[in-house]
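Observations on the three-dimensional arrangement
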Amino acid sequence: MDGLRMTTEGWLRRRPLAPQRFIPLPTCPAKKRCTAQQPLQGWMSRPALQSWAMLVVISDLHFEEEASDEIPGGAGGSGVSLIRNLPQQAFERFFDELAKRAVRDRARRIDLVLAGDIFDLHRTALWFQGGDNLRPYVSSSAVDAALEAKISGILDAIAAEPRVNGSLKAIRRAASGRYLDLGEGQERDFPVPVSVRFIPGNHDRLAGATPALRGKVRRLLGIEGGEEAFAHTVRMDAEAALIRHGHEYDRYNFSRDPGKARRWSEPSEAAYAAPAFGDFVTVEIASRLPVLFRQVHGDRKIVRTQALRRLYERLLEFDDLRPQMALLEFLLASRTGETPGRMWRRIEPVFRLLLDDIHDHPFLRRWLKRLEKRWRPDAIDVVQAALDLEVWKVGIPLKLIRSLIKLRRSPETGLEAEDFAAKEPAIRHKDVRFVVAGHTHRPRVSLLTADDAERYYIDTGTWRNRIPANRSLTSFGRLKALTWVVLYGPDEDPGRRHPQTPSISFDYWSGFTQRWPERGNR
């Protein structure tokens with residue numbers, strides 16, 4: 001199967017080919033399909049499950065509520081909206097392929113793990129509607145009845161989105177043991193039993209806050225368990241895998257700084273319950289900027305003015321931008337025919353309003369103090385100074401903003417997710433071969449160690465669009481992305497080199513695709 005085409009429209013249109021086998025390099029590029037297979041030689045320290053399963057992991061679907069961002073057109077004119085959710089067909093093709101793979105690889109069961117950020121509770125303008133001050137950056141143990149109702153309403157709004165509604169139907173159908181056979185165009189029973197599990201991520205952390213919310217999530221996904229608490233990790237002995245969302249490795253998006261401990265230890269329940277700096281940034285910056293833009297310019301003017309339309313659409317795409325520190329250049333690069341200075345004058349009052357609202361917020365101040373690296377000047381110090389001086393009160397020079405961004409681009413001497421994965425006790429004690437996680441939206445396979453046997457960190461990427469920037473942050477593209485990994489236990493993989501030797505293996509599918517209309521140039 002062509003890993004480069006395994007995404008959205010391109011993936012939907014291709015029929016699967018016979019898989020090929022590869023010996024992995026220490027790091028597997030994102031645009032490749034990688035497979036590893038090695039015999040089991042005493043790696044398992046705990047009793048194995050008796051029924052071997054084909055383990056499938058996907059993450060970061062980011063189902064979103066989009067309706068509140070839409071600006072309707074007037075007098076027959078077109079409105080402004082942005083579709084970010086994937087179509088239902090992507091999931092139908094995925095489950096159709098899983099059914100065929102289960103037969104081909106003689107699986108006895110399919111365990112599908114939805115490894116976090118399935119529902120995006122943060123990226124919605126609904127937080128700023130209703131006249132309340134409710135926000136999601138609170139501990140999940142502190143969710144009261146009013147906040148529970150707000151979160152429940154956001155989940156309902158997400159599920160009501162046409163594309164999400166269809167995608168959830170496909171997931172519930174699979175969880176019930178059925179799938180749509182695309183070749184025959186009709187529903188069929190899966191050839192093997194199917195189990196679906198859900199792990200909360202940082203964007204759907206509060207989906208597990210109360211029994212009622214947990215019950216709603218399980219009904220939306222069609223999974224069992226009622227209102228019982230969700231696990232934060234899944235350990236699969238047969239496939240030698242440890243699965244988590246991956247925000248645990250991110251100091252900005254988890255309540256505990258993983259870089260401060262000499263040895264990795266499993267986070268406490270309180271650490272998982274607590275909010276993180278990224279919660280505040282997503283809600284108060286990414287989700288609020290479009291709201292403030294409408295407040296400053298007005299819906300009628302945005303609809304009628306091409307430059308404002310483009311700017312508004314790009315604000316809605318903030319979450320897909322990588323790196324996100326390129327937001328200003330992304331906005332100024334809008335093809336409107338206006339100079340950067342003119343574009344900035346349209347944006348500046350929006351940022352001024354934002355800074356007026358958040359500059360003295362206790363949550364922001366507390367986290368800036370936590371993130372600050374003492375005895376070493378960094379971008380946090382510059383931000384703190386700017387907030388203290390309230391420099392935006394007399395205008396925000398574009399040159400100053402660009403300087404701040406340039407400073408922020410200086411790489412931190414920090415650790416990557418795979419560095420923390422290598423410290424996992426399950427890796428150090430040789431209990432697992434794979435640490436599988438998402439969160440970063442950067443699909444990759446990285447070697448952790450090969451001292452006694454090859455052990456890998458597998459990043460499950462994302463199922464949403466990506467807007468990549470070039471190195472100078474002056475040009476931006478658009479790519480459709482999709483990643484999934486299959487891990488096999490003994491007796492499941494017919495491609496074993498030694499049929500009589502129990503083995504474990506994995507197949508990794510990831511890639512990007514895009515199509516452009518021909519306009520006479522290349």
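In the block above lies the structure referred to throughout.
Reference entry: report on the structure contained in this document. (Residues numbered from 1 in each chain as written. Predicted model: local features only at pLDDT ≥ 70, side-chain atom pairs only at ≥ 80, totals over all residues. Heavy atoms only, no water.)

Some remarks on the overall build of the chain
- If you tally the helices and strands in the chain, you get 16 helices and 16 strands.
- The buried share of the chain, taken over its 522 residues, is 55%.
- Of the accessible surface of the chain, which amounts to about 23,000 Å², a share of 52% is contributed by carbon and sulfur atoms. (Helix = DSSP H or I, 4+ residues; strand = E, 2+ residues; numbered from the N terminus. Buried < 20%, exposed > 50% of the residue type's maximum accessible area, 1.4 Å probe, protein only. Areas by Shrake-Rupley, 256 points an atom, 1.4 Å probe, with all protein chains shown as cover.)

Re unusual backbone geometry
- Residue Pro-323 follows Arg-322 across a cis peptide bond; omega there is 0 degrees.
- Along the chain, the position of Pro-323 falls in the loop between strand S10 (321-322) and helix H10 (327-332).
- Positioned with a positive phi, Ala-240 is a non-glycine residue whose angle comes to about 55 degrees.
- For Ala-240, a relative accessible area of 0% corresponds to the buried category.
- Unusually for a residue other than glycine, Glu-390 sits at a positive phi of about 50 degrees.
- Counting through the fold element by element, Glu-390 comes out in the loop between helix H13 (379-389) and helix H14 (398-409).

Overview of the pattern of salt bridges
- Applying the stated criterion across every chain yields a total of 42 salt bridges.
- A salt bridge links Arg-464 to Glu-64; the nearest nitrogen and oxygen atoms lie 2.8 Å apart. With a gap of 400 residues between them, Arg-464 in the loop between strand S13 (455-459) and strand S14 (467-468) and Glu-64 in the loop between strand S3 (54-58) and helix H2 (88-104) connect regions that are remote in the sequence. Per residue, the accessibility class of Arg-464 equals that of Glu-64, and both read buried.
- Among the charged side chains, a network of salt bridges with common partners joins Glu-64, Asp-69, Arg-84, Arg-123, Asp-319, Asp-320 and Arg-464. (Salt bridge = Lys/Arg side-chain N within 4 Å of Asp/Glu carboxyl O.)

What to know about helix H12 (residues 362-371)
- If you check which residues of H12 are buried, you get Phe-363, Leu-364, Trp-367, Leu-368 and Leu-371. Looking down the long axis of H12, one finds its buried residues gathered within 130 degrees of arc, a one-sided arrangement. Turned more than 90 degrees off the buried face of H12, the exposed positions are Pro-362 and Lys-369. (Arc of directions from axis to C-beta.)

Some points on the nonpolar core
- Among the nonpolar cores identified, the biggest contains 103 residues, and Phe-63, Phe-91, Phe-95, Phe-119 and Leu-221 are the most heavily contacted of them.
- Judged by nonpolar contacts, the second largest core, of 20 residues, contains Val-113, Ile-199, Ala-241 and Val-445. (Core = buried A, V, L, I, M, F, W, Y, C linked by side-chain atoms within 4.5 Å.)

Side note on the environment of Arg-310
- The topology assignment puts Arg-310 in helix H9 (residues 306-316).
- Overall, the relative accessible area of 29% leaves Arg-310 in the partly exposed class.

Quick notes on the pairing of strand S6 (residues 186-189)
- One ladder, built from four bridges, connects strand S5 (residues 178-181) with S6; its direction is antiparallel. When the sheet's bridge partners are listed, Leu-180 is paired in S6 with Glu-187.
- Between S5 and S6, which pair antiparallel one after the other, the connecting turn spans four residues, and Gly-185 there sits at a positive phi close to 70 degrees. (Pairing = 2+ DSSP bridges.)

A word on the packing of helix H7 (residues 277-297) against helix H11 (residues 340-358)
- Between H7 and H11, the least distance of the axes is 9 Å, while the angle of their chain directions is 130 degrees. Here H7 lies oblique to H11, going by the angle between them. Crossing angle aside, the handedness with which H7 passes H11 is right-handed. Judged by residue contacts, Phe-280, Glu-284, Ile-285, Arg-288, Leu-289, Leu-292, Phe-293, Gln-295, Val-296 and His-297 of H7 engage Arg-346, Pro-349, Val-350, Phe-351, Leu-353, Leu-354, Asp-357 and Ile-358 from H11.
- For the contact of H7 with H11, the class distribution of residues is 12 nonpolar, two polar and four charged. (Axes fitted to C-alpha atoms, helices over the stretch in contact; angles between N-to-C directions. Parallel < 35°, antiparallel > 145°, perpendicular 65-115°, else oblique. Left-handed = near helix turned anticlockwise from the far one by under 90°. Contact = heavy atoms within 4.5 Å. Nonpolar A, V, L, I, M, F, W, Y, C, P; charged D, E, K, R; others polar.)

Here's the deal with the packing of H2 against helix H4 (residues 162-175)
- Here H2 crosses H4 at 20 degrees, and the two axes come no closer than 8 Å. Between H2 and H4, the angle falls in the class roughly parallel. Crossing hand, H2 versus H4: right-handed. Seen from H2, the contacting residues are Gln-88, Phe-91, Glu-92 and Phe-95; seen from H4, they are Arg-163, Gly-166, Ser-167, Ala-170, Ile-171, Arg-173 and Ala-174.
- Within the contact of H2 with H4, the residues separate by chemical class into five nonpolar, three polar and three charged.

That is the geometry; function is a separate question.
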